[in-house]
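Commentary on secondary and tertiary structure
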Amino acid sequence: MKKTAAHKTAIRLADGRELIYYDSRAGAPRTAPDRRPLEATVTTCEIRHDPLLGDDVAIASHRQGRTYFPPPDQCPLCPSRDGLLTEIPAPDYEVAVFENRFPALAGGAGRCEVVCFTADHDASFADLSDERAALVLAAWTDRTAELAALPSVEQVFCFENRGEEIGVTLAHPHGQIYAYPFVTPRTARMLASAAAHRERTGGRNLFDDTVAAERADGRRVVLDGAHWTAFVPHAAHWPYEVHLYPRRRVPDLLALDEDARTEFPQIYLELLRRFDRLFGEGQGDGPGAPPTPYVSAWHQAPLSARDRTEFALHLELFTIRRTAGKLKFLAGSESGMNVFINDVPPEAAARRLREVASE
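Fair warning: this is a prediction, and the values are worked out from it, not measured in the lab.

This paragraph deals with the packing of aromatic side chains. Using the criterion set out here, one finds 20 aromatic pairs in the structure. Pairing Trp-238 with Phe-318 gives two aromatic rings, centres 4.6 Å apart and planes at 10 degrees, and the pair type is stacked. With Trp-238 in the loop between β10 (228–231) and β11 (240–246) and Phe-318 in strand β13 (residues 314–319), the pair connects residues that are 80 residues apart, well separated along the chain. Given a relative accessible area of 12%, Trp-238 falls into the buried group. On the basis of relative accessibility, which here comes to 12%, the residue Phe-318 falls in the buried class. Of the aromatic side chains, those joined through ring pairs into one cluster are Phe-117, Phe-125, Trp-140, Trp-228, Phe-264, Tyr-268 and Trp-298.

Here's what the structure looks like:
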C-alpha cells in the first residue's frame, strides 16, 4: 500500500474552536461554514496536585453538561446534512479533528481534541479500509506535531474508547487526543523503570529487552509482522491486553519510518477484528450483541524527557470484558491499591487471540 498523503483543510466553528479535515486526495470541498448559533465555549479547567501520590488531577466541572447518549439522528459527530447541524459542518468527510467542546484540559492547562474516523455513524475502526486507517495514522501524527509545539504541552496522548461499558457516551466511531501540560504518572513510572534497567544492565534499553524477550518466548505473541510485533505482556493487567511495538524503536509517531507506516493498518485492523471475535462469531457476545468494548492507547515520549530516544512508542489495546457477558471491574485491590488481579492467564489470552485470526 502506498503512503497516504493527508490533505488538510482547517476552518473555525461558530464558537471559535478549530476543526481540521484530513482527506486522502486534494480538492475535497470542506469549506462549508458552521451555521449553528453557538456562544463562545466557557471552560473551568484547573490542574491540582496530589501531594501524597505526586499525581496531577484535572478538575473540569463544565464537563457535567456534555452531550450524553443522543439519539442517532441527533449525533453531533455525523456530517451536517438532512437538516442536522453538527460539529462537522461539511455534508461528508473522511477524517475530521476538532477541539473538544467539553475539554478535560484547556487553555494553559493543555488541550483536548476529538478525532472522527469516518462519517459512517454505524461503522467502527475495525470496519475501515487500510487506506482510511492510514489516513487516521497520518492525522494522529500531524496532530502530535502541532500539539507538541504548544508551549504548555508536555505529552501528547492519542486514544480511542469504544463501548458503553468503557464509559463512551457518543456511539459514532471516534477517538480523542489529550495534550497534557505535565508528564502523566504512568509514563513517569515507565521512564523510571527504564532508567533503573539501564543502570542495572550497563546501558541496555528496557523496551528493547521486553520486546525481545516476548518474541523469544513466543507463547504470548499474537502477531509478528515485518515491522510490528503484537503480544500479550507477561504481566498483563487486563483480561485481554495486547501491546503493539514497531520493530525499530522510535520515541513517537513522527519518527515512524515509511515501512512501519505502510504495515500498520494491516496489523492494527487485524487486532481490532480479532477483539470483535473473542466472545462470539464476530458479534461480541453473540448475534445482536454489541462489539467488544476496548481502550486503545498510544504511548509517546514526553517532550521534556532527558533522552527521548530511550522511550519506545507503543500502543496498548485492552478490553474490560473477561468472558461472554462478564466485565472486569476495578474493585478494592485495583482501585484502592493499584494492584491488579487478572482472571485470564496471559498465555491463554494470547492463544485465544491467535485462534480468532482472520482466514
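Relative to the helices and strands, His-299 is located in strand β12 (residues 294–299). For His-299, a relative accessible area of 8% gives the class buried. The sequence separation of His-299 and Leu-128 amounts to 171 residues, and the corresponding C-alpha distance is 22 Å. Setting aside anything within four residues of it in sequence, one finds His-299 in contact with Arg-186, Met-190, Phe-311, Ala-312, Leu-313, His-314 and Glu-316. Among the polar contacts made by the side chain of His-299, one reaches the side chain of Glu-316 at a distance of 3.4 Å.

In an α-helix, one full turn covers 3.6 residues, which means residues spaced three or four apart are oriented alike. Spanning twelve residues, helix α3 (residues 206–217) covers 16 Å between terminal C-alpha atoms, matching the ideal 16 Å at 1.5 Å per step. Among all positions in α3, only Phe-207, Asp-209, Val-211 and Glu-214 are buried. As for α3, its buried residues are in contact with α2 (185–200), β9 (221–224), β10, β11 and β13. At the N-terminal end of α3, a side-chain oxygen is found 2.9 Å from the backbone nitrogen of Phe-207, two or three residues along, and the residue is Asn-205. Downstream of α3 by one or two residues, Gly-218 has phi in the positive range, about 85 degrees.

Quick look at the pairing of strand β6 (residues 111–116) now. Burial of β6 is extensive: six of the six residues sit out of reach of the surface. Judged by which residues are buried, β6 turns out to be covered on both faces: Arg-111, Glu-113 and Val-115 on one side and Cys-112, Val-114 and Cys-116 on the other are all buried. One ladder, built from four bridges, connects strand β5 (residues 95–99) with β6; its direction is antiparallel. Among the inter-strand pairings, Val-97 is bridged to a residue of β6, identified as Val-115.

On to the nonpolar core, then. Core analysis: the biggest nonpolar cluster contains 52 residues, and Phe-125, Trp-140 and Trp-298 have the highest contact counts within it. Considering every element that reaches this core, the biggest residue donor is helix α4 (residues 258–276), with eight residues. Among residues more than four places away in sequence, those in contact with Trp-140 are Phe-117, Phe-125, Cys-158, Ile-177, Leu-253, Phe-264, Tyr-268 and Trp-298. Tyr-93, Ala-96, Phe-98 and Cys-116 belong to the second-largest nonpolar core, a separate cluster that totals 16 residues.

Moving on, we come to the packing of helix α1 (residues 130–148) against α4. Relative orientation of the contacting elements α1 and α4 amounts to 115 degrees, with a least axis distance of 9 Å. Both α1 and α4 take part in a crossing whose hand is right-handed. In this structure, α1 contributes Asp-130, Ala-133, Ala-134, Leu-137, Trp-140 and Thr-141 to the contact, and α4 contributes Arg-261, Phe-264, Pro-265, Gln-266, Tyr-268 and Leu-269. Among the residues making up the contact of α1 with α4, the classes are represented as eight nonpolar, two polar and two charged.

Turning our attention to the confidence of the model for the protein chain. On average, the protein chain scores 94 in pLDDT, and the residues at 70 or more come to 96%. Taken together, the stretch residues 281–288 has pLDDT below 50 and engages in 18 contacts with residues farther than four places along the chain or on a different chain.

Right, let's talk about the sheet that holds β13 for a bit. Taking strand neighbours across the sheet as the criterion, the eleven strands line up as β1-β2-β5-β6-β8-β7-β12-β13-β11-β10-β9 in an open arrangement whose pairing is antiparallel. With partners counted over all chains shown, the strands left at the sheet margins are β1 (7–12) and β9, one partner each. Each strand axis lies, on average, 20 degrees off the axis of its neighbour in the sheet, ignoring direction. Pairing geometry for strand β2 (residues 18–23) and β5, over four bridges, is antiparallel. For Leu-19, the partnering residue across the bridge sits in β5 and is Phe-98. Sheet strands in contact with α2 are β7 (155–162), β12 and β13, and its direction is about 125 degrees off that of β13.

Here we take up the pattern of salt bridges. Applying the stated criterion across every chain, the model contains 34 salt bridges. With its nearest N and O atoms 2.8 Å apart, the salt bridge here joins Glu-87 to Arg-17. Of this pair, Glu-87 sits in the loop between β4 (56–60) and β5 while Arg-17 is found in the loop between β1 and β2, placing the two residues 70 residues apart along the sequence. Comparing Glu-87 with Arg-17 shows no difference in burial state: the two are buried. Residues Asp-217 and Arg-220 are paired through a salt bridge, measuring 3.9 Å at the closest nitrogen-oxygen approach. The buried category is assigned to Arg-220, whose relative accessible area is 5%. Connected via shared salt-bridge partners are Arg-12, Glu-18, Glu-99, Arg-111, Glu-113 and Arg-143.

Calculation notes
Residues numbered from 1 in each chain as written. Predicted model: local features only at pLDDT ≥ 70, side-chain atom pairs only at ≥ 80, totals over all residues. Heavy atoms only, no water. Phe/Tyr/Trp six-rings, centres within 6.5 Å; stacked < 30°, edge-to-face > 60°. Helix = DSSP H or I, 4+ residues; strand = E, 2+ residues; numbered from the N terminus. Buried < 20%, exposed > 50% of the residue type's maximum accessible area, 1.4 Å probe, protein only. Contact = heavy atoms within 4.5 Å. Polar contact = N/O pair within 3.5 Å; in protein donor to acceptor, adjacent residues only side chain to side chain. Expected span 1.5 Å × (residues − 1). Pairing = 2+ DSSP bridges. Core = buried A, V, L, I, M, F, W, Y, C linked by side-chain atoms within 4.5 Å. Axes fitted to C-alpha atoms, helices over the stretch in contact; angles between N-to-C directions. Left-handed = near helix turned anticlockwise from the far one by under 90°. Nonpolar A, V, L, I, M, F, W, Y, C, P; charged D, E, K, R; others polar. pLDDT = per-residue confidence, 0-100. Salt bridge = Lys/Arg side-chain N within 4 Å of Asp/Glu carboxyl O.

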